[in-house]
Amino acid sequence: MRYEKAKGLKELDFKRWCGVKKETFLTMCEVVREICSRETRGQKSVLSVEDQVITDAFVLAGISNACFIWGKILAYKSRMFRG
């Protein structure tokens with residue numbers, strides 16, 4: 001789902017979908033927008049700033065979840081091989 005559809009969500013649904021409150025999300029977008037305005041090289045992005053922030057948030061959430069799961073697996077294996 002892109003931001004244009006998600007911005008109509010209620011506060012709680014938006015947080016479930018994105019992982020942060022709307023105010024926090026808009027602050028993140030302003031920071032990214034400020035950084036992008038300083039960059040003069042390269043191609044312009046096809047995605048809007050809001051969609052870029054959402055994509056980054058999903059990637060970071062995925063990495064965080066993967067690390068959590070691997071930590072649980074490693075903890076289980078270390079207990080399994082104690083002798």
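Figured I'd write up the structure that's included with this text. Model, not experiment: these values are computed from the prediction.

What counts and how
Residues numbered from 1 in each chain as written. Predicted model: local features only at pLDDT ≥ 70, side-chain atom pairs only at ≥ 80, totals over all residues. Heavy atoms only, no water. Salt bridge = Lys/Arg side-chain N within 4 Å of Asp/Glu carboxyl O. Helix = DSSP H or I, 4+ residues; strand = E, 2+ residues; numbered from the N terminus. Buried < 20%, exposed > 50% of the residue type's maximum accessible area, 1.4 Å probe, protein only. Patch = residues over 30% accessible without salt bridge, like charges linked within 9 Å, V, L, I, M, F, W, Y side chains within 5 Å. Areas by Shrake-Rupley, 256 points an atom, 1.4 Å probe, with all protein chains shown as cover. Contact = heavy atoms within 4.5 Å. Core = buried A, V, L, I, M, F, W, Y, C linked by side-chain atoms within 4.5 Å. Axes fitted to C-alpha atoms, helices over the stretch in contact; angles between N-to-C directions. Parallel < 35°, antiparallel > 145°, perpendicular 65-115°, else oblique. Nonpolar A, V, L, I, M, F, W, Y, C, P; charged D, E, K, R; others polar.

Taken as a whole, this structure holds three salt bridges when the rule is applied. One salt bridge connects E30 with R33, and the closest N-O pair in it is separated by 2.8 Å. With E30 and R33 both in helix 3 (residues 22-38), this residue pair falls three residues apart, about one helical turn. Taking relative accessible area as the criterion, R33 reaches 31% and is therefore assigned partly exposed.

Nonpolar side chains collect at one region of the surface, where F68, I69, W70, I73 and L74 lie side by side and expose about 550 Å² of accessible area between them. Here I73 lies in helix 4 (residues 49-80).

Another point: the environment of L9. When you line up the elements, L9 lands in the loop between helix 1 (3-6) and helix 2 (11-18). Once the C-alpha coordinates of L9 and F58 are considered, the two residues, 49 residues apart in sequence, prove to be 17 Å apart. Excluding anything up to four places from it in sequence, L9 contacts M1, F14, W17 and K22.

Ranked by size, the top nonpolar core spans ten residues in total: Y3, A6, F14, W17, C18, F25, C29, V49, V53 and I54. Of all the secondary structure elements, the ones that give two or more residues to this core are helix 1, helix 2, helix 3 and helix 4.

With that out of the way, let us pick up the packing of helix 2 against helix 3. Put simply, helix 2 and helix 3 touch, their axes get as near as 9 Å, and they point 55 degrees apart. The orientation of helix 2 with respect to helix 3, classified from their angle, is oblique. In this structure, helix 2 uses E11, F14 and C18 to contact helix 3, whose residues at the interface are K22, E23 and F25. Looking at the contact of helix 2 with helix 3 residue by residue, the class counts come to three nonpolar, no polar and three charged.

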